[in-house]
Structure formats: C-alpha cells, structure tokens
Amino acid sequence: MALRKVLLEGDSTLRKKSREVSDFDQRTQELIDDMFETMRAEDGLGLAAPQVGVLKRIFVMEAVEENEATAFINPVLIDEKGEQTGAEGCLSLPGLYGVVSRPEEIRVRAQDIKGDEFERTYSGLEARCVCHEIDHLYGILYRDKAKGGLHSLDEEADEGPAGETAVEKRVSAKAVD
Ligand SMILES: [Zn+2]
C-alpha cells in the first residue's frame, strides 16, 4: 500500500467525469487499498478516485456508526428520501467548509472488488458522504452546491461567540471527505 497525493481544487482532473470500471483486477485492488490508506492518513470519512488523480468510478468510505470500511465500484444512487442541510468539507478544499443540502437517506448500488453487486442504505452523515463522493465522479465539487459560498474554518474559530459553532462545524466538516 502507498499513500497517494490528494489533488486540490484547481487541478482540472477534479472537474472531469470518471469512467466506468470494467477490470476487477489486482490493479483496482491496489488503487482501493491506497485510497483507504490515504483517506485515513488525511482523517477523511470518504475519498473518491479522481481525488487521487484516477478517473475511475470508485470511492471508499468508512462508516462511523457501523465502523465499516467499504469500497464502492461503479456506484449509483437508486433511491433518496428527505433532506438534511449541514456543514460539509472536502480533502481537496482544505481549511474550508460550506453548508449543503443533501438527501437525509439514500440507497446506493455498487460493485465490490469481485464485480458482485451490492446495495446499502445510509442516513445522516454517511448519506451526505455518499452523495459527496458520487458527485466527485461527475466532476462536481461541493462548492457548486454550497449555499452562501464557502467559509474558512480558521477565521470562524477565532470569532468568539461563533467559535463554538465553528468547532462543531470543523468536526463535521472534517469528517466528510
Ligand atoms: Zn470531496
């Protein structure tokens, strides 16, 4: 396994559409292993392949409550319910957060490393993360959906009374990819 460099906003790769994966081979396994290692080193909840410069429809996520690490190959949202609005961050836009509305609950279908299909239902933070990661596969960054633009985590934290709120946002923003 090896750490991969996370691309930052401004790199044109992050704005490109990823390709469907058809090879469920050792190379794909190595990419996924590296993505897990990179996600953990960066303290992220999720990471999409384009963020490490690979335009393939793959993302990884570490579900908090289930304490379960999962790789999603060729993922598609097959159902969504409700709405949640909250702070979101991205490893490709360090030090920033924004307020984004996402479905409260989603159902995702994907393939595993053997090519077998599976489906999962997530709510709350994990649902937010899955939507955020699938957006990456279409070249969409959360900046495109943030209401009122993006804010700096550091500036907010120094603002006294608003500071406490900002810490909470920092935690949740850091937790999402
Ligand atoms: Zn992201």
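Residues numbered from 1 in each chain as written. Predicted model: local features only at pLDDT ≥ 70, side-chain atom pairs only at ≥ 80, totals over all residues. Heavy atoms only, no water.

Some thoughts on the pairing of strand β7 (residues 117-123)
Looking along a regular strand, one sees the side chains alternate between the two faces of the sheet. Here 7 bridges tie strand β6 (residues 105-111) to β7, and the two strands are oriented antiparallel to one another. Each bridged residue has a counterpart across the sheet, and for E105 the counterpart in β7 is S123. Hairpin geometry of β6 and β7 is characterised by an intervening segment of 5 residues between the two adjacent antiparallel strands and by a positive phi of about 95 degrees at G115. (Pairing = 2+ DSSP bridges. Helix = DSSP H or I, 4+ residues; strand = E, 2+ residues; numbered from the N terminus.)

Looking at the sheet that holds strand β5 (residues 96-102)
Here 3 strands make up an open sheet; going across it, the order is β4-β5-β8 and the pairing antiparallel. Because the sheet does not close on itself, it has two edges, and the strands there are β4 (84-88) and β8 (147-152). Shown here is a sheet whose adjacent strand axes are inclined to one another by a mean of 25 degrees, direction ignored. Bridge count for β5 against β8 is 4 bridges, and the pairing is antiparallel. Note that in β8 the partner of G98 across the bridge is L150. (Axes fitted to C-alpha atoms, helices over the stretch in contact; angles between N-to-C directions.)

Re the sheet that holds β6
Across the sheet, which stays open at both edges, the 5 strands sit in the order β1-β2-β3-β6-β7 with antiparallel pairing between neighbours. On the outer flanks of this sheet lie β1 (46-48) and β7, each paired with one strand and no other. Ignoring which end each strand starts from, the neighbouring axes of this sheet average 40 degrees apart. Contacts between helix α1 (residues 26-41) and the sheet are confined to β1, β2 (58-63) and β3 (68-81), with β2 contributing the most and set at about 45 degrees to the helix. Taken strand by strand, helix α2 (residues 124-137) contacts β1, β2, β3, β6 and β7, and its axis lies near 165 degrees from that of β2. (Contact = heavy atoms within 4.5 Å.)

As for the environment of H136
Checked against the element boundaries, H136 lands in helix α2. With a relative accessible area of 1%, H136 lands in the buried category. Between the C-alpha atoms of H136 and S18, which are 118 residues apart in sequence, the distance is 8.4 Å. (Buried < 20%, exposed > 50% of the residue type's maximum accessible area, 1.4 Å probe, protein only.)

Brief notes about α2
Since one α-helical turn is 3.6 residues long, residues separated by three or four positions face the same way. The end-to-end C-alpha distance of α2, which contains 14 residues, comes to 21 Å, matching closely the 20 Å that a straight helix rising 1.5 Å per residue would cover. Among the 14 residues in α2, 13 count as buried, and that is most of the element. A positive phi of about 75 degrees marks G139, the residue just after α2. (Expected span 1.5 Å × (residues − 1).)

Digging into the side chain of N74
As for its position among the elements, N74 is in strand β3. Overall, the relative accessible area of 8% leaves N74 in the buried class. Engagement of the side chain of N74 in a polar contact is seen with the side chain of Q111, the distance being 2.9 Å. When neighbours within four sequence positions are excluded, N74 is seen to be in contact with E20, V21, F24, R57, R109, A110 and Q111. (Polar contact = N/O pair within 3.5 Å; in protein donor to acceptor, adjacent residues only side chain to side chain.)

Some remarks on the nonpolar core
One finds F59, M61, F72, I106, V108, Y122 and V130 to be the most contacted residues of the largest nonpolar core, which totals 17 residues. No other element matches α2, which puts 6 residues into this core. The residues contacting Y122, other than those within four sequence positions of it, are M61, A63, E68, T70, F72, E104, E105, I106, V108, A127 and V130. (Core = buried A, V, L, I, M, F, W, Y, C linked by side-chain atoms within 4.5 Å.)

Thoughts on the pattern of salt bridges
Under the definition given, this model contains 13 salt bridges. Note that R57 is salt-bridged to E20, the shortest N-O span being 3.6 Å. In this pair, R57 sits in the loop between β1 and β2 while E20 sits in the segment before α1, placing the two residues 37 residues apart along the sequence. Take R57: its relative accessible area is 6%, and that puts it in the buried class. Given a relative accessible area of 56%, E20 falls into the exposed group. The residue E88 makes a salt bridge to R128 at a minimum N-O spacing of 2.5 Å. Remark: R128 occurs in helix α2 and E88 occurs in strand β4; sequence separation between them is 40 residues. Each member of the pair, E88 together with R128, is buried. (Salt bridge = Lys/Arg side-chain N within 4 Å of Asp/Glu carboxyl O.)

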